[in-house]
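# Residue-level structural notes
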Amino acid sequence: MASLTQAKRLVVKIGSALLVDKATGALRSAWLHGLAEDVAWLKAQGTQVVLVSSGSIALGRGALKLPESDLALEQSQAAAAVGQIRLARAYEEALAPHGIITAQVLMTLEDTSDRRRYLNSRATFEQLLSLGAVAIVNENDTVATDEIRFGDNDRLAAQIAATIGADQLVLLSDVDGFYTANPQDDATATRYACIEHITADIEAMAGDAGSGLSKGGMKTKIMAAKAATAAGCAMVICEGSGMRPLSALENGANCTWFTATLDPQTARKRWIANMKPKGGVTLDTGAVRALLDGKSLLPAGVKSTIGAFERGDPVAINDPDGHQLGLGLIRYTAQETRTIQGHQSHEILDLLGYSGRAALIHRDDMAL
Ligand code: GLU
């Protein structure tokens, strides 16, 4: 079975019930320090780590003395606003003794579904990871209203994993895996050790029970598994309340793995290759050679621009004879591309009035 130390890029989702004591509403700080030790251990092995943590509403609710359940949307948003600073500070205090810099990233559904914002958040995560920081991600609950929110951090974590090209996603939960039936009502229920294909039967087995503090039940975990594995990221569900939950998982604790058949890079290239282009760019021969050598496309290599497209749209990449070499997600609009095509990247500021990204299409964003 997969080992966490094999992961190059690991996303760990932490549910509210693990971080916040249900009875008192207080942070489980000894547990958090154990988790920080696990993160330090994984980083020392060369694994990049991103944490998706719930708990802002649970922490804020305690502080504001709001009732335990049935909060109105604006009450949860107020609780999140109060709880989120406590949450981020708690992580920072737990990780700092290990020499780890903590970052806070608050996301909305649009940040992963709108392609332009998706590319921006991807670039930011890339930068944070290359600088060795650990991002603590949560939904931006104070601005997300019901129709436009993830609502649960299982799916948010899967979207983050897909966005950053993680190869493993751990859901630390209050259940130790995925069962044939709800083990609380059915004594014959058995846990799957590994699920290779999420069939309709598996989906039908996922009940919908949450645990009071956390939002996601098994149904959202299966949705998360589908999104993660389609993006080439293996996912594991395990019980996380013990003191060093990631070490415990590595040492063989109960869990259910969902395997991915593709690696994240291949999955991402296929995803791009299947898009319908909104326009195109025609390159000179030097740029074609550079692309085939694995380089990004710079404005200097573009001879002409076809059609109307927005930032983040898929465009066809054509050779000088007009044959399509592949597709890529472009970082400028068609109008901007026409203005900067044939020019050096350092001229972008003068030509457009602002300095955008040096590459028109980044090499990770193209499928040739
Ligand atoms: N974003 C919510 C919070 O931090 C949690 C959502 C969830 O439990 O999945 O409180």
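Residues numbered from 1 in each chain as written. Predicted model: local features only at pLDDT ≥ 70, side-chain atom pairs only at ≥ 80, totals over all residues. Heavy atoms only, no water.

### Focus: the overall build of the chain
- Counting its secondary structure elements, the chain contains 14 helices and 13 strands.
- Here the chain holds 368 residues, and 49% of them are scored as buried.
- In the chain, 72% of the contacts between residues at least 6 apart in sequence involve partners at least 24 apart.
- Working note: accessible area of the chain is about 16600 Å², and carbon and sulfur atoms make up 50% of it.
- Where the 35 positive side-chain charges of the chain centre and where its 41 negative ones centre are 4 Å apart. (Helix = DSSP H or I, 4+ residues; strand = E, 2+ residues; numbered from the N terminus. Buried < 20%, exposed > 50% of the residue type's maximum accessible area, 1.4 Å probe, protein only. Contact = heavy atoms within 4.5 Å. Areas by Shrake-Rupley, 256 points an atom, 1.4 Å probe, with all protein chains shown as cover. Lys, Arg positive; Asp, Glu negative; His and termini not counted. Charge placed at Lys NZ, Arg CZ, Asp CG, Glu CD.)

### Quick notes on the confidence of the model for the chain
- On average, the chain scores 91 in pLDDT, and the residues at 70 or more come to 96%.
- Below a pLDDT of 50 lies the segment residues 209–214, which in the model reaches 15 contacts outside its immediate sequence neighbourhood of four places, other chains included. (pLDDT = per-residue confidence, 0-100.)

### What about the environment of M366?
- Relative to the elements of secondary structure, M366 occurs in strand β13 (residues 366–367).
- Here M366 falls in the buried class, since its relative accessible area comes to 3%.
- C-alpha separation for the pair M366 and A200, spaced 166 residues apart in sequence, amounts to 33 Å.
- Setting aside anything within four residues of it in sequence, one finds M366 in contact with K269, I272, L291, K295, S296, L297, I317, L327, G328 and I361.

### So, the sheet that holds strand β9 (residues 279–283)
- Taken together, the five strands give an open sheet; going across it, the order is β10-β9-β11-β12-β13, and neighbouring strands pair in mixed fashion. Whereas interior strands pair on both sides, the edge strands pair on one side only; in this sheet they are β10 (302–307) and β13.
- Where β9 meets strand β11 (residues 314–318), three bridges bridge the pair, whose relative direction is parallel. Within β11, the position partnered with G280 by the bridge is A316.
- Running over the sheet, helix α11 (residues 264–273) touches β12 (324–329) and β13 and is turned about 105° from β12.
- Its contacts with the sheet place helix α12 (residues 285–292) against β9, β11, β12 and β13, and it is angled at close to 105° to β9. (Pairing = 2+ DSSP bridges. Axes fitted to C-alpha atoms, helices over the stretch in contact; angles between N-to-C directions.)

### A look at the packing of aromatic side chains
- Taken as a whole and assessed by the stated rule, the structure comprises three aromatic pairs.
- With a centroid separation of 6.4 Å and 65° between ring planes, the pair formed by F178 and F258 is classed as edge-to-face. One end of the pair, F178, is in the loop between β5 (168–173) and β6 (194–195); the other, F258, is in strand β8 (residues 255–258), with 80 residues separating them in the sequence. You'll find F178 and F258 in the same group, each marked buried.
- Through successive ring pairs, a cluster of aromatic residues spans F178, Y192 and F258. (Phe/Tyr/Trp six-rings, centres within 6.5 Å; stacked < 30°, edge-to-face > 60°.)

### Focus on the site of the ligand
- The local shell around the ligand holds twelve residues, among which S56, I57, N138, D141 and N153 are the closest.
- One of the backbone N or O atoms of G55 is found 3.1 Å from an oxygen atom in the ligand.
- Here N153 contributes a backbone N or O atom positioned 2.6 Å from an oxygen atom of the ligand.
- Considering the ligand on its own, with 300 Å² of exposed area, one finds that the protein chains cover 97% of that surface.
- Taken together, the residues that form the shell around the ligand break down as one nonpolar, eight polar and three charged. (Near = heavy atom within 4 Å. Polar contact = N/O pair within 3.5 Å; in protein donor to acceptor, adjacent residues only side chain to side chain. Nonpolar A, V, L, I, M, F, W, Y, C, P; charged D, E, K, R; others polar.)

### A word on the sheet that holds strand β7 (residues 234–239)
- Spatially, β3-β4-β2-β1-β5-β7-β8-β6 is the arrangement adopted by the eight strands of the open sheet, whose pairing is mixed. Edge strands, defined here as strands with exactly one partner in the open sheet, are β3 (102–107) and β6.
- Summarising the sheet, strand β1 (residues 9–14) and strand β2 (residues 48–53) pair through six bridges and their orientation is parallel. Looking across to β2, one finds that V11 is bridged to V50.

### Re the nonpolar core
- Ranked by internal contacts, the top residues of the largest apolar core, which has 36 residues, are I14, L35, L51, Y91, V170 and L172.
- Looking at this core element by element, the count peaks at seven residues for helix α2 (residues 29–44).
- Those residues in contact with I14 that lie beyond four places of it in its chain are L19, W31, L35, L51, V52, S53, S54, Y91 and L172.
- Listed in part, the 35 residues of the second largest apolar core include V11, F125, A166 and M235. (Core = buried A, V, L, I, M, F, W, Y, C linked by side-chain atoms within 4.5 Å.)

### Things to note about unusual backbone geometry
- One non-glycine residue with positive phi stands out, namely K65, at about 55°.
- Position of K65 relative to the elements: it lies in the loop between α3 (56–64) and α4 (73–95).
- The residue D70 is not glycine, and still its phi comes out positive at about 55°.
- Positionally, D70 belongs in the loop between α3 and α4.
- Residue class for D70 comes out exposed when judged on its relative accessible area of 76%.

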